Amino acid sequence: KNSNNNTFSLEKSNKTIKEILAKHNINFDNAIFDNGAGLSRKTKFSLYSLNALLIHAWNNKKMPEFIQSLPIFGEDGTLKKRYANSIYKGQAHLKTGHINGVKNIAGYYQTTHGNRYTISFFINDENVATMQNYYDIIHLIFDYIESNDK
């Protein structure tokens with residue numbers, strides 16, 4: 001309970017989150033949030049919903065603060081060492097996440113023409129920790145975007 005004698009629960013929190021997102025036309029109806037940190041096997045939502053949230057965040061007046069909270073590709077965060085010499089270094093703001101059997105990335109990529117794209121992908125595989133191609137996927141996505149960006 002808080003100072004206003006309101007009782008908190010995970011169920012009420014889920015309902016409130018979905019109502020707030022719905023007001024902004026972001027559909028998380030089928031999402032399941034198990035905790036605020038996101039580190040849970042029970043938390044579930046679609047990539048479509050995540051991208052809608054990223055687009056909304058980009059168009060929000062607080063976007064500059066949000067973007068500054070995301071690591072710069074190849075310069076800081078968990079992708080710093082692996083991509084320090086990447087041709088795409090500095091062109092993306094990406095947040096990574098992982099738990100056993102799951103790896104994901106989400107954020108924004110800016111092309112050499114200056115256009116921005118949201119990026120997100122999840123890999124669910126019990127062998128994901130040993131998957132070298134997980135790291136290649138990022139470059140493949142950037143390559144694809146660059147080759148189709150006009």
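Residues numbered from 1 in each chain as written. Predicted model: local features only at pLDDT ≥ 70, side-chain atom pairs only at ≥ 80, totals over all residues. Heavy atoms only, no water.

A. How the structure looks around the overall build of the protein. For the protein, the count of helices and strands is 4 helices and 3 strands. The linear arrangement of helices and strands in the protein, starting from the amino end, is α-α-α-β-β-β-α. Its C-alpha atoms give the protein principal-axis dimensions of roughly 55 × 40 × 25 Å. Burial analysis of the protein (150 residues in total) assigns 32% to the buried set. Look at the contacts in the protein between residues 6 or more apart in sequence, and 42% of them connect residues 24 or more apart. The centroid of the 18 positive side-chain charges in the protein is displaced by 8 Å from the centroid of its 13 negative side-chain charges. (Helix = DSSP H or I, 4+ residues; strand = E, 2+ residues; numbered from the N terminus. Buried < 20%, exposed > 50% of the residue type's maximum accessible area, 1.4 Å probe, protein only. Contact = heavy atoms within 4.5 Å. Lys, Arg positive; Asp, Glu negative; His and termini not counted. Charge placed at Lys NZ, Arg CZ, Asp CG, Glu CD.)

B. Structural context of the nonpolar core. In this structure, F73, L79, L94, I105, Y109, I138 and F142 are the most contacted members of the largest nonpolar core, which totals 16 residues. Taken together, the elements giving at least two residues each to this core come down to β1 (92–99), β2 (102–110), β3 (116–124) and α4 (133–148). Here this core takes 5 residues from α4, the largest share from any one element. Excluding residues within four positions of it along the chain, Y109 makes contact with Y88, Q91, A92, N115, R116, Y117, I119, F142, I145 and E146. (Core = buried A, V, L, I, M, F, W, Y, C linked by side-chain atoms within 4.5 Å.)

C. Spatial organisation of the packing of aromatic side chains. Evaluated as defined, the whole model comprises 11 aromatic pairs. Ring centres of F28 and F33 lie 5.9 Å apart, and the angle between their planes is 25 degrees; this geometry places the pair in the stacked category. F33 carries the same exposure label as F28, and that label is buried. Considering the side-chain rings of F28 and F45, the 5.8 Å spacing of their centres and the 45 degrees angle between planes classify their relative orientation as tilted. (Phe/Tyr/Trp six-rings, centres within 6.5 Å; stacked < 30°, edge-to-face > 60°.)

D. Representation of helix α1 (residues 10–23). Helix length check: α1 (14 residues) gives 20 Å between terminal C-alpha atoms against 20 Å at 1.5 Å per residue, within 8%. One or two residues past the end of α1 sits N25, with phi positive at roughly 60 degrees. (Expected span 1.5 Å × (residues − 1).)

E. Inspection of the pattern of salt bridges at higher detail. Under the defined criterion, the tally for this structure stands at 1 salt bridge. One salt bridge connects E19 with K15, and the closest N-O pair in it is separated by 3.6 Å. On the criterion of helical spacing, the pair formed by E19 and K15 is a turn pair, its members being 4 residues apart in helix α1. The partly exposed category is assigned to E19, whose relative accessible area is 39%. (Salt bridge = Lys/Arg side-chain N within 4 Å of Asp/Glu carboxyl O.)

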